[in-house]
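Next come the chains, spelled out residue by residue.
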Amino acid sequence: MFGKFKRLWKEPAWKSSYDVVIIGGGLHGLATAYFLSRNHGIRNIAVIEKKFIGFGGAGRNTAIVRANQRTAENLPLYQEGLKLWPTLTRELDFNLMFHDCGNLNLAHSEAAMNALRMQIATAQMLGIDIHLIDAHELKELCPVIDISDRPRFPIFGAMYHPPGGIIRHDALVWGLARAASTSGTDIFQETEATGIRVEHGKISALETSRGTIHTPRLLLTAGGYSSQLAWEMLGIPLPISVLTIQAMVTQPLKPLLSHVVSSGAYHVYANQTLKGEIVTGAHMDPWPNFTTRTTAHYIKHQAEALSEILPCLRGLKFMRHWAGLADMTPDMAPIIEGNDPVEGLYIDCGWGYFGFKSAPVTGKYLARYIAEQRRPEILEPFSLKRFCENRLLGETANPPGYGPWN
């Protein structure tokens, strides 16, 4: 007990064997554990986390949710994930603070407007609520945006995605952890995975800093550290570059920004929280690294970029600044693999900066994959084999065969 409050999840006793073991106490691992018990009756589950749950990408993001990606392979997963938030709030009996305020992606040229038209056409064919608006319609939706010719990159219009919005990230961590723990999942924090045993081509056990856990099924979903663990413990190379991505938050203001606003030209995005703070993020560092240190360069970048498109924010103070790791694949789509090359091994990583918004829905389908030993159709495009077969998805403009390992 902490005063009059109870822990949201129990302190488990150590056991020597589990039906499923999950490396990574982030949102993907917790969501998979929750759906394994809820949908498939598998409750003898252990989640192993080196630090504490929500330490990594789950707690180092700007909590934006949306379904406005580029490709027909990606969009169905994110669309279902976006529809899942209200349902999940009820199921978990936990206020996730889902706010479908809408997402605005700015265009700064006619070429950018044409690119958005193609992206919107794909999404609309799949039934997603999204459309193109011109600069004057944008100004009506978001009066504080500067649509004059003063900005270095004038605004021509935007892609408007009304169902998009924001979720409280720590509430999602706590809600999933409580539900998983209540259903029987043992969550071990400050426990490091140190080795994976494979016998006759099958997963047999996980070595940890607390001892050995025997298990026939192991899910590796450790965010930016997944590729490192896969190589060091199993000798499996994953086509992933790990890059630092930074974000920050301003002092609170009265409500003025009612949508999530992003600009690829300025490499900036922003939204206003329920507390009135402006949360803003930038593009990734251009070099692979595993650091979560912040840099003064991005403070300057954010201030300049926000002042261009939202001049009313000039003079604001940044109050906090943080960084996380983005595990980027060449085609900006995840790697979801099972039973290949090791039977009983499942891998879920490579989400880049899409990992937060995809967590519950991916956990739902990963749980089915693990329980039924068959890959759900919605996860088919994300096989690791696509990189060997030159079938990269079109989420980025990288040419076929491009990759950080070349």
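Scroll up to find the structure this text is about.
Bear in mind that the values here come from a model prediction, so they are computed numbers and not experimental data. (Residues numbered from 1 in each chain as written. Predicted model: local features only at pLDDT ≥ 70, side-chain atom pairs only at ≥ 80, totals over all residues. Heavy atoms only, no water.)

Novice: Before we go on, may I ask you to explain the layout of surface pockets in this structure?
Specialist: Any empty space left between atoms is shown by rolling a water-sized probe over those atoms. Empty space within the second largest pocket amounts to approximately 440 Å³. Lining the second largest pocket are 19 residues, and of these Arg 168, His 169, Thr 273, Glu 277 and Val 279 lie nearest its centre. Its residues assigned to classes, the lining of the second largest pocket comprises eight nonpolar, seven polar and four charged. (1 Å grid on protein atoms, 1.4 Å probe; cavity = no way out; pocket = protein on both sides within 12 Å on 5 of 7 lines; lining within 4 Å. Points joined across faces, edges and corners; volume = space filled by probe spheres on them. Nonpolar A, V, L, I, M, F, W, Y, C, P; charged D, E, K, R; others polar.)

Novice: What exactly am I supposed to notice about helix α7 (residues 296-309) here?
Specialist: It helps to recall that an α-helix has 3.6 residues per turn; residues three or four apart then point in one direction. The end-to-end C-alpha distance of α7, which contains 14 residues, comes to 21 Å, matching closely the 20 Å that a straight helix rising 1.5 Å per residue would cover. When we look at burial in α7, the residues that qualify are Tyr 298, His 301, Gln 302, Ala 305, Leu 306, Ser 307, Glu 308 and Ile 309. (Helix = DSSP H or I, 4+ residues; strand = E, 2+ residues; numbered from the N terminus. Expected span 1.5 Å × (residues − 1). Buried < 20%, exposed > 50% of the residue type's maximum accessible area, 1.4 Å probe, protein only.)

Novice: Please clarify how helix α3 (residues 110-125) should be interpreted in this entry.
Specialist: For α3, with 16 residues, the first-to-last C-alpha span of 23 Å sits near the 22 Å given by 1.5 Å per residue. The inward-facing, buried residues of α3 abut α2 (75-92), β4 (103-107), β5 (131-134) and β6 (157-161). (Contact = heavy atoms within 4.5 Å.)

Novice: For this particular structure, what's the right way to read the sheet that holds strand β15 (residues 268-272)?
Specialist: In a beta sheet, neighbouring strands are held together by backbone hydrogen bonds and run either parallel or antiparallel to one another. Pairing in this open sheet of eight strands is mixed, and the strands run β5-β6-β4-β14-β15-β16-β13-β17 from one edge to the other. What marks the edges here is a single partner per strand, and that holds for β5 and β17 (318-328). When the angles between neighbouring strand axes are averaged without regard to direction, this sheet yields 20°. Looking at chain direction, strand β13 (residues 241-250) and β17 are connected through ten bridges and run antiparallel. (Pairing = 2+ DSSP bridges. Axes fitted to C-alpha atoms, helices over the stretch in contact; angles between N-to-C directions.)

Novice: What is the right way to read the environment of Gly 338 from this model?
Specialist: Secondary-structure assignment places Gly 338 in strand β18 (residues 335-338). The class of Gly 338 is buried, set by a relative accessible area of 9%. Along the sequence, Gly 338 and Gly 165 sit 173 residues apart, while their C-alpha atoms lie 32 Å from each other.

Novice: Looking at this structure, how should I read unusual backbone geometry?
Specialist: Peptide bonds are trans in most cases, and residues, glycine excluded, mostly fall at negative phi. With omega at 10°, the peptide bond leading from Asp 340 into Pro 341 counts as cis. Mapped onto the elements, Pro 341 comes out in the loop between β18 and β19 (345-349).

Novice: Looking at this structure, how should I read the sheet that holds strand β2 (residues 45-48)?
Specialist: Read across the open sheet, the six strands follow the order β8-β2-β1-β12-β19-β18; overall the sheet is mixed. Looking at strand neighbours, the two that pair on one side only are β8 (186-188) and β18, the edges of this open sheet. On average, each strand axis in the sheet is inclined to that of its neighbour by 15°, with strand direction left out of account. The sheet contact formed by β2 and β8 spans three bridges and is parallel. Looking at β8, one finds that Val 47 is bridged to Ile 187.

Novice: How should the nonpolar core be read in this particular structure?
Specialist: Of all hydrophobic cores here, the largest spans 69 residues; its most connected members are Leu 96 and Leu 172. What Leu 96 contacts, discounting residues up to four positions off in sequence, is Trp 85, Leu 88, Thr 89, Ile 167, Arg 168, Ala 171 and Leu 172. Ile 213, Leu 325, Ile 335 and Phe 387 belong to the second-largest nonpolar core, a separate cluster that totals 30 residues. (Core = buried A, V, L, I, M, F, W, Y, C linked by side-chain atoms within 4.5 Å.)

Novice: Can you walk me through the environment of Leu 379 in this structure?
Specialist: Tracing the chain through its elements places Leu 379 in the loop between α8 (355-372) and α9 (385-388). Excluding its chain neighbours within four sequence positions, the residues that come into contact with Leu 379 are Leu 77, Ile 336, Tyr 365, Leu 366 and Tyr 369.

Novice: What exactly am I supposed to notice about the packing of aromatic side chains here?
Specialist: Summed over all chains, the structure comprises eleven aromatic pairs. Ring geometry for Phe 52 and Phe 55: centres 5.3 Å apart, planes at 80°, overall edge-to-face. The partly exposed category is assigned to Phe 52, whose relative accessible area is 45%. Judged by centre distance (5.0 Å) and plane angle (65°), the rings of Phe 153 and Tyr 266 are edge-to-face. (Phe/Tyr/Trp six-rings, centres within 6.5 Å; stacked < 30°, edge-to-face > 60°.)

Novice: What's the story with the side chain of Asn 289 in this structure? I'm lost.
Specialist: Among the structural elements, Asn 289 can be located in the loop between β16 (278-284) and α7. Residue Asn 289 is classed as buried on the basis of its relative accessible area, which comes to 13%. Those residues in contact with Asn 289 that sit more than four places away from it in its chain are Val 242, Leu 243, Thr 244 and Leu 325.

Novice: What's the story with the pairing of β2 in this structure? I'm lost.
Specialist: The side chains of a regular strand alternate, first on one face of the sheet and then on the other. Neither face of β2 is exposed, since Ile 45 and Val 47 on one face and Ala 46 and Ile 48 on the opposite face are all buried. Bridging between strand β1 (residues 20-23) and β2 involves four bridges; their strand directions are parallel. When the bridges of β2 are listed, Ile 22 appears paired with Val 47. Once the chain exits β1 it traverses helix α1 (residues 27-40) before rejoining the sheet at β2, and the crossover so formed is right-handed. (Right-handed = clockwise from strand over helix to strand, strands pointing away.)

Novice: Hey, could you run me through the packing of α1 against helix α5 (residues 169-182) in this one?
Specialist: When two helices pack together, you describe them by how their axes are tilted relative to each other and by the distance separating the axes. It is the contact of α1 with α5, at a shortest axis distance of 9 Å, that shows an interaxial angle of 35°. Considering the relative orientation of α1 and α5, their crossing is left-handed. Contact with α1, carried on its side by Leu 27, Leu 30, Ala 31, Ala 33 and Tyr 34, involves Leu 172, Val 173, Leu 176, Ala 177, Ala 179 and Ala 180 of α5 and no other residues of that element. Looking at the contact of α1 with α5 residue by residue, the classes come out as eleven nonpolar, no polar and no charged. (Left-handed = near helix turned anticlockwise from the far one by under 90°.)

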